[in-house]
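A closer look at the structure
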Amino acid sequence: MTGETFFQLHYHLTDTERLFDLAQGIAARRRRLKKHDARCRSFTWYARGLLRRGIAFLILAAVLGAMTALLELGGMSWAMAGVCAGCGVMELVLRGMLRRIYRRSWQQFRQQNGPDGTVNFDAGGIREENEKGKPTHFDWADWDVCVVTPKVIVLTPKVIVLTFKTPVLLFFPYSREAAITVAHAARAFGKEDSLVYRKRI
């Protein structure tokens, strides 16, 4: 093992909150993105989905309850209405929990990271140095998936997200130079199969 840097990239974060939102959503779906041609979605998109499903379940429960009461359908219909209500409540509770975790993570990221940083790839692993926070080191054994979004729809941020087996991720704006650096580093250290390119958002 050596501390000599083989590959290095510099990044400057702009539109950081949107990048963070998209990176969190990509990290949550990294296994699916690696195996299937799935879309990259932001955390906000997932939260809205939970809200829609929760409301839909509650509406269905109310309709079933009303029909059961009016038509005197019996215990099975009441049970179905109860199941729908329970599913709706669970979706909304899960959304609330995830949003609290997300807000806490965003606040922590904003406090500990500035806009400029450097990522070094060498035989000892991956080391990120941000102008504001402490250096972070990851072993190559912890590397999981790297998702690159080079071409996306207008007004959607382009991002490179490095995920690890621990619940931590690195992300920075997409650039051709950054994508090439990450690809060369992954190939050099036997992680080429972890690279995922997704054009659909």
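These notes cover the structure that comes with them.

Rules and cut-offs
- Residues numbered from 1 in each chain as written.
- Predicted model: local features only at pLDDT ≥ 70, side-chain atom pairs only at ≥ 80, totals over all residues.
- Heavy atoms only, no water.
- Helix = DSSP H or I, 4+ residues; strand = E, 2+ residues; numbered from the N terminus.
- Expected span 1.5 Å × (residues − 1).
- Buried < 20%, exposed > 50% of the residue type's maximum accessible area, 1.4 Å probe, protein only.
- Contact = heavy atoms within 4.5 Å.
- Core = buried A, V, L, I, M, F, W, Y, C linked by side-chain atoms within 4.5 Å.
- Pairing = 2+ DSSP bridges.
- Patch = residues over 30% accessible without salt bridge, like charges linked within 9 Å, V, L, I, M, F, W, Y side chains within 5 Å.
- Areas by Shrake-Rupley, 256 points an atom, 1.4 Å probe, with all protein chains shown as cover.
- Salt bridge = Lys/Arg side-chain N within 4 Å of Asp/Glu carboxyl O.
- Lys, Arg positive; Asp, Glu negative; His and termini not counted.
- Charge placed at Lys NZ, Arg CZ, Asp CG, Glu CD.
- Disulfide = S-S within 2.5 Å.
- Axes fitted to C-alpha atoms, helices over the stretch in contact; angles between N-to-C directions.

1. Some words on helix 1 (residues 16–28)
Across its 13 residues, helix 1 extends 18 Å between first and last C-alpha, which sits within 8% of the 18 Å expected from 1.5 Å per residue. Listing the buried residues of helix 1 in full gives L19, F20, D21, L22, A23, G25, I26 and A27. Buried residues along helix 1 sit in contact with helix 2 (30–35), helix 3 (43–71), helix 4 (75–112), strand 5 (143–148), strand 6 (159–164) and strand 7 (169–173).

2. A word on the nonpolar core
Ranked by size, the top nonpolar core spans 44 residues in total, and within it F121, W143 and F171 carry the most contacts. Here F171 is in contact with L13, L19, F20, A23, F109, V159, I160 and V161, once residues within four sequence places are set aside.

3. Here's the deal with the pairing of strand 2 (residues 116–122)
Across the 7 residues of strand 2, 6 count as buried, placing the element largely inside the fold. With 6 bridges connecting them, strand 2 and strand 3 (residues 125–130) associate as antiparallel partners. The residue of strand 3 that forms the bridge with N120 is R127. As consecutive antiparallel partners, strand 2 and strand 3 are separated by 2 residues.

4. Remarks on helix 5 (residues 176–188)
An α-helical turn contains 3.6 residues, so any two residues separated by three or four positions project in the same direction. In this model helix 5 runs 18 Å from its N-terminal to its C-terminal C-alpha over 13 residues, within 8% of the 18 Å that 1.5 Å per residue would give. Every buried residue belonging to helix 5 is among A178, A179, T181, V182, A183, A185 and A186, and all of these are buried. Positive backbone phi, approximately 75°, marks G190, located one or two places after helix 5.

5. As for a positive patch on the surface
On the surface, R99, R100, R103 and R104 cluster together into a positively charged patch. Within the secondary structure, R100 sits in helix 4.

6. Description of the state of the cysteines
In this structure the tally under the stated criterion is 0 disulfides. As a non-bridged cysteine, C40 has C146 as the owner of its nearest cysteine sulfur, 11 Å distant. The exposure class assigned to C40 is buried, which follows from its relative accessible area of 0%. C84 provides the cysteine sulfur closest to C87, a residue in no disulfide bond, and the two sulfurs are 6.5 Å apart.

7. Brief notes about the pattern of salt bridges
Tallying each qualifying case throughout the model produces 6 salt bridges. For D144, the salt bridge is made with R30, and the minimal N-O distance between the two is 2.8 Å. One end of the pair, D144, is in strand 5; the other, R30, is in helix 2, with 114 residues separating them in the sequence. The exposure class of D144 is buried, given its relative accessible area of 10%. Among the charged side chains, a salt-bridge network with shared partners connects R30, R31 and D144.

8. So, the pairing of strand 7
Strand 7 sits mainly inside the fold: 5 of its 5 residues count as buried. Of the strand pairs in this sheet, strand 6 and strand 7 are connected by 5 bridges, and their pairing is antiparallel. Paired with T163 across the two strands is L169, which belongs to strand 7. Here strand 6 folds back onto strand 7 in antiparallel fashion, the turn holding 4 residues.

9. A closer look at the sheet that holds strand 8 (residues 195–197)
Strand order in the open sheet formed by 4 strands is 7-6-5-8, and the pairing between neighbours is mixed. The open sheet has two edge strands, strand 7 and strand 8, and neither has a second partner. Neighbour to neighbour, the strand axes of the sheet diverge by 15° on average, direction disregarded. Judged from the 5 bridges that link them, strand 5 and strand 6 form a sheet pairing that is antiparallel. Looking at the pairing, W143 lines up with F164 of strand 6. Contacts from helix 1 reach strand 5, strand 6 and strand 7 within the one sheet, and its direction differs from that of strand 7 by about 135°.

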